[in-house]
Structures are given as C-alpha cells and as structure tokens.
Amino acid sequence: MSNSNLTMNRRTFFGTAALSLGARRVLGANDRINLGIIGVGGRGSYVGRYFARIGEQTGGVRVAAVCDVWQRRVRENKAFFHCDGYLDYRELLARNDIDAVLIATPDHWHASQAIEAMRSGKDVYLEKPMCHTIKEAKALVDTVKETGRVLQVGSQTTSGQQWHKAKQVIADGMIGKMIMSQGSYHRNSREGEWNWPIDPNAGPDRKGDDYIDWKMWLGPAPARPYDPDRYFRFRKYWDYSGGIATDLFYHVVAPLNICWDEPQFPHKVMAGGQIAVFQDREVPDTFHLIAEYRKGHSVVLSSSMANSQHIPGLIRGHLGTVIMVEHGRFEGYAPYITVRPEAAGPGGRAIVGEEYAGRWGTAPIRIPIEREDTLAKHINNFLECMRSRGKPTLDVETGAKAQVVISMAVQSYREGRVLYFDEARWRVLARPPRA
C-alpha cells in the first residue's frame, strides 16, 4: 500500500470513530492469540519479545506481524519474530487473523491507531502515555465502550503489589483521611534525557534498510521537513510528547489512582518548571505539578532530568502515612511498603488514639512485597482479559484519569496559569466549572 496519499490530521483522526466495527474472533481458552506490533523501536521490540517469550512458554500468543516506518526495523523484527512486516500500519490492521495489537509508536499516534485497531475488531495493549491530548483520552474511553474491546495501558508498574496493598491499607483506615499523595521522578545523564543515538544514514530520501517514511511518522502532527532529531529524539518536542509529564509522571499518577479508593479526575491543576541545563529541547528538563481533587486531597510531583535525588513516593493521611517508594523509582522493585503512624511527644504516643494503637500499635509497620516481573504480569493480565472479556489492571477509564492530570499540567506550564477540569464535559477551563 502506498503512503503517497496519506493525509492524517485531527479531523480525519476523529472521523475514524465513524468506521464500522470490524469482525472479531471469539477466543476459546486454548486458542492462540495472534498479535501485531505497531512500532518496533526500542520499547516496541522489547515488549514484543516479552509477548513472544510468554507465547513460547504457554503456547497462548504469537507475534504474527510487525510494522514500523523505518525499513530496517521492519526487516530486523520480521527476522526475529519469523512473521510478516509492513511499513504501513493500516495493512496490519486490515488482517482478520490479528486478534490484538501492541502499540508502541510515538505518543501523538497512540489514540488514532488504538481507535482504528478497536474499530477493526482488535484488542489493544497501548504503551504509556495513553495518548497525547485530553480530547484523545475521551475518544479512547468512548471507543472502548462502543466496541467492547479490551484496552490495557502499558504502564506495567500498576501491576505491582505495592499499589494494591497500599489501597488495602487506606481502606482499612490505617492512615485516616487521605490528605496528599506525593512522588518524584529524577534522573541525570551527561547527554540529557531522551537524546538517543541518531543514525545519520537513515532518512526519507534513502533506499532499502535506511528508508524512513517521514510523512507516515508525522501522521496527525503538523507537517515539517524531515529532522533526524525530531524522529530519533521525539520526546523533546511538544508536537509528539509532553516531556517529563507524559513520559515519566504517567508512571506515578497511574499507580496513585490504583491506590486511592477510586480513580479520580483532578479538579484543579497547576505546573511549573524550566529548561535548567539542556537547551536542545522544547520541553522542560525540570518540572513539577500540584493537582487538587474534589474529595479533599492533592497530588504533588517533582522531577528533574538534571538531578537524580528523588523524593519518596507516599500517601499522607491525618493518622499516618503509607510509603510505597522509599528509595527509588515508582517503576522499580520495592521489597516492602511502610505504614508510619503519626506520633507526638517524647514518648511517641500515637495521635491515632487507643483504638488505632490497639489494632496496629504505634510503631511503623512493614508490609512485605514479593519480587515479581511486573511487565510479564501486566501482559498476562491483558491476555487473560482478552479471553474473559474482563477489565484489565490499567483499564481505559483509569488510564484516562491519569492522562487528564498530566495533559493539564503540560497545558498549565505552557500557558502559565492555573487550570480547572469540568469532568461532566471533559473540558479544561480557566475558572472553576459551575456546579
């Protein structure tokens, strides 16, 4: 299929929602799932290998086709997975034998490709962030409801035990009224975050393995001449990414929504930051946000790509604090979570009172977490839900609530103002919405 007539913009993207639903195969318990991968760069090929490994172990899934706009990646992954390969993702979606797709393209392509996949009768494992805009998040929620497809957002850390055990801690009343959730994501490298290697031999004017279909890669983004920095290092540019907010804060906000009594949209969001060190980008290398929720709690997140000292990830209550991430990243392994009661005075008497002390004591409590491969667990959850038609761990509604916070934070930073969310209308406002 030729890409010469490809014209993809926001109007044609949302027009995709009008397509008729594709035929779908009803999967039995012993049927093998055929997976297509759209985007086989570093992340797509890595996660695809996990699917293939699970398939080798269980016989339940196989990679049947791959797609990428760079011919070299198509050839290499065709050879690795022993499958078909395409430069045009629409050819992959047209196949009736494909049951599900893994989408690991740049952020600005996530929503339109996921919607087209669901409309063609396929379930979707969609790498984080879920999408690029709030309007796209709403379209994804609507499409899942309309088609009945399974969509798992690929933030695998949400399958970790610590979030679900923290949820139980909060439900049991161990921290009292939830006041504030906090977290961070700090890194530091000499080259600057997202400065991945550039292949100088690849481009849209090259042939064979070096050919890149630049028009297809741009897709719904604004038309621009080929720029290898934009292609290889897309997370530095607003057209394709939200920088720290969408690449890293999604790994923080999504699991927090797992911990809370229910996933929630923000009421009010404000953000700040700067390009402190790395001037070769549009997005900030240092970023922070505050989000407030109608239930009376807030989220405070801090991050820098020029300093690696983290802030613990925890949830504060008026009776105690549950600490999920003491010494590392939200997506890293934690051997335990800690519940630390509030205490006052030299004797350390717990503010929680005698009833609390009688149940849990006044000393910090460590709740062990078993070591596990959360990516394998997240993928297996998706495959199980494909068969049961159940709701996956990071379903589209929970994913959308995380997406709204980080997309609003990007908008707040870029516009330099506080923003409010009208949940009933899915609208971002400069003033609080009317009740």
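Procedures and definitions
Residues numbered from 1 in each chain as written. Predicted model: local features only at pLDDT ≥ 70, side-chain atom pairs only at ≥ 80, totals over all residues. Heavy atoms only, no water. Helix = DSSP H or I, 4+ residues; strand = E, 2+ residues; numbered from the N terminus. Contact = heavy atoms within 4.5 Å. Areas by Shrake-Rupley, 256 points an atom, 1.4 Å probe, with all protein chains shown as cover. Phe/Tyr/Trp six-rings, centres within 6.5 Å; stacked < 30°, edge-to-face > 60°. Buried < 20%, exposed > 50% of the residue type's maximum accessible area, 1.4 Å probe, protein only. Pairing = 2+ DSSP bridges. Axes fitted to C-alpha atoms, helices over the stretch in contact; angles between N-to-C directions.

*Asks:* Any details on the overall build of the chain? Residues and values, ideally.
*Replies:* Counting its regular elements, the chain contains 13 helices and 18 strands. Contacts in the chain between residues at least 24 apart in sequence constitute 71% of all its contacts with a sequence separation of at least 6. Total accessible area on the chain stands at roughly 18,600 Å², and carbon and sulfur atoms take up 49% of it.

*Asks:* Go over the packing of aromatic side chains, please, and point to the residues and values.
*Replies:* The geometry of two aromatic rings is summed up by the distance between their centres and the angle between their planes. Applying the stated rule across the entire model yields 21 aromatic pairs. Each ring, one from tryptophan 238 and one from tyrosine 413, has its centre 6.2 Å from the other, and the planes form 45°; the classification is tilted. Residue tryptophan 238 is located in the loop between helix H9 (228–232) and helix H10 (244–259), and its partner tyrosine 413 is located in helix H13 (residues 396–415); the two are separated by 175 residues in the primary sequence. With centroids separated by 5.8 Å and ring planes inclined at 70°, the aromatic side chains of phenylalanine 287 and tyrosine 413 adopt a geometry described as edge-to-face. Here tyrosine 413 lies in helix H13 and phenylalanine 287 lies in strand S9 (residues 286–292), a separation of 126 residues in the sequence.

*Asks:* Go over the environment of phenylalanine 265, please, and point to the residues and values.
*Replies:* Its location among the elements puts phenylalanine 265 in the loop between H10 and strand S8 (268–274). Separated by 26 residues in the primary sequence, phenylalanine 265 and alanine 291 have C-alpha atoms spaced 9.6 Å apart. In contact with phenylalanine 265, other than residues within four places in its own chain, are Tyr293, Ala400, Lys401, Val404, Phe421, Glu423 and Trp426.

*Asks:* Can you explain unusual backbone geometry? Please cite residues and give values.
*Replies:* Cis geometry marks the peptide bond from lysine 128 to proline 129, where omega comes out at -10°. Among the secondary structure elements, proline 129 is positioned in the loop between strand S5 (123–127) and helix H6 (134–147). Backbone geometry places tryptophan 194, a non-glycine residue, at a positive phi of 75°. On the basis of relative accessibility, which here comes to 2%, the residue tryptophan 194 falls in the buried class. Despite not being glycine, arginine 389 shows a phi value in the positive range, around 65°. With respect to the helices and strands, arginine 389 occurs in the loop between helix H12 (374–388) and H13. Of the residues examined, arginine 389 reaches a relative accessible area of 36% and is grouped as partly exposed.

*Asks:* So, the sheet that holds S5: which residues are in play, and what are the values?
*Replies:* Strand order in the open sheet formed by six strands is S3-S2-S1-S4-S5-S6, and the pairing between neighbours is parallel. Lying at the two open borders of the sheet, with one neighbouring strand each, are strand S3 (84–86) and strand S6 (151–154). In this sheet, adjacent strand axes meet at a mean angle of 25° when their direction is disregarded. Bridging between strand S2 (residues 61–67) and S3 involves three bridges; their strand directions are parallel. In the strand pairing of S3, valine 66 is matched with glycine 85.

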